[in-house]
Amino acid sequence: MKEASNPKNFGITGFFGTVAFSTVLARIVEFACCIIHSIKSNIKFRLPLHDMVQRNLIKDFLRYTLPVQGNYIVWGCALTVTSAIIGHVNADMVAANSVASVVKNLVIVLCGGIASGGSVLVGKYLGNGEIEMAKRAGKILNVYAILCGISPL
């Protein structure tokens, strides 16, 4: 019986190469099916040119997303460096880091859930035109954020 961890057992390019190639191939076939369906039916496939030229939208998009992307890049690099450092210490430190990592991930999930739920709540109030309720909910969420940030788990 072949071992699953041996990359030679997953084809010529290895498991990950085969999976990536299969995914790309599936998307190409899916796109071709959409084009064929578009040609045979009343739905016409075309790219809207007016959506590509909205400079203000692109400018706002980049202004708000570049800092977030920068944050994720720095965070990813920090995690990589942390893993490299932890890999060079003794087994006790690795075990302690493993436990701390699980607790950290639970706290991240909690904070992400509060943030996502809060954004939905504030968005609902703003969508209904209830500006004062949105401000009130935002203030309450700020208190929750501070309490979750300073309280020990």
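1. Considering helix α4 (residues 91-127)
Phase 1: With 37 residues, α4 extends 53 Å from end C-alpha to end C-alpha; this agrees with the ideal 54 Å at 1.5 Å per step.
Phase 2: Taken residue by residue, α4 has G118, V122 and Y125 as its buried positions.
Phase 3: For α4, the secondary structure elements touched by its buried residues are α5 (131-150).
Phase 4: Among the residues trailing α4, G129 stands out with phi positive, at a value near 80°.

2. Details of the pattern of salt bridges
Phase 1: Enumeration according to the criterion identifies 3 salt bridges in this entry.
Phase 2: Between D60 and R63 there is a salt bridge, and its shortest N-O distance comes to 4.0 Å. Of this pair, D60 and R63 both sit in helix α3 (residues 55-86), separated by 3 residues, roughly a single helical turn.
Phase 3: Of the residues examined, D60 reaches a relative accessible area of 35% and is grouped as partly exposed.
Phase 4: Among the ionic pairs, E132 bridges to K135, the shortest N-O distance being 4.0 Å. Of the two residues, E132 and K135 are both situated in helix α5; the distance of 3 residues between them amounts to about one turn of the helix.

3. As for a nonpolar patch on the surface
Phase 1: A surface patch of nonpolar side chains, amounting to about 600 Å² of accessible area, comprises I140, V143, Y144, I146, L147 and I150.
Phase 2: Topologically, I140 is positioned in helix α5.

Conventions adopted
Residues numbered from 1 in each chain as written. Predicted model: local features only at pLDDT ≥ 70, side-chain atom pairs only at ≥ 80, totals over all residues. Heavy atoms only, no water. Helix = DSSP H or I, 4+ residues; strand = E, 2+ residues; numbered from the N terminus. Expected span 1.5 Å × (residues − 1). Buried < 20%, exposed > 50% of the residue type's maximum accessible area, 1.4 Å probe, protein only. Contact = heavy atoms within 4.5 Å. Salt bridge = Lys/Arg side-chain N within 4 Å of Asp/Glu carboxyl O. Patch = residues over 30% accessible without salt bridge, like charges linked within 9 Å, V, L, I, M, F, W, Y side chains within 5 Å. Areas by Shrake-Rupley, 256 points an atom, 1.4 Å probe, with all protein chains shown as cover.

Shape descriptors only; they carry no functional weight alone.
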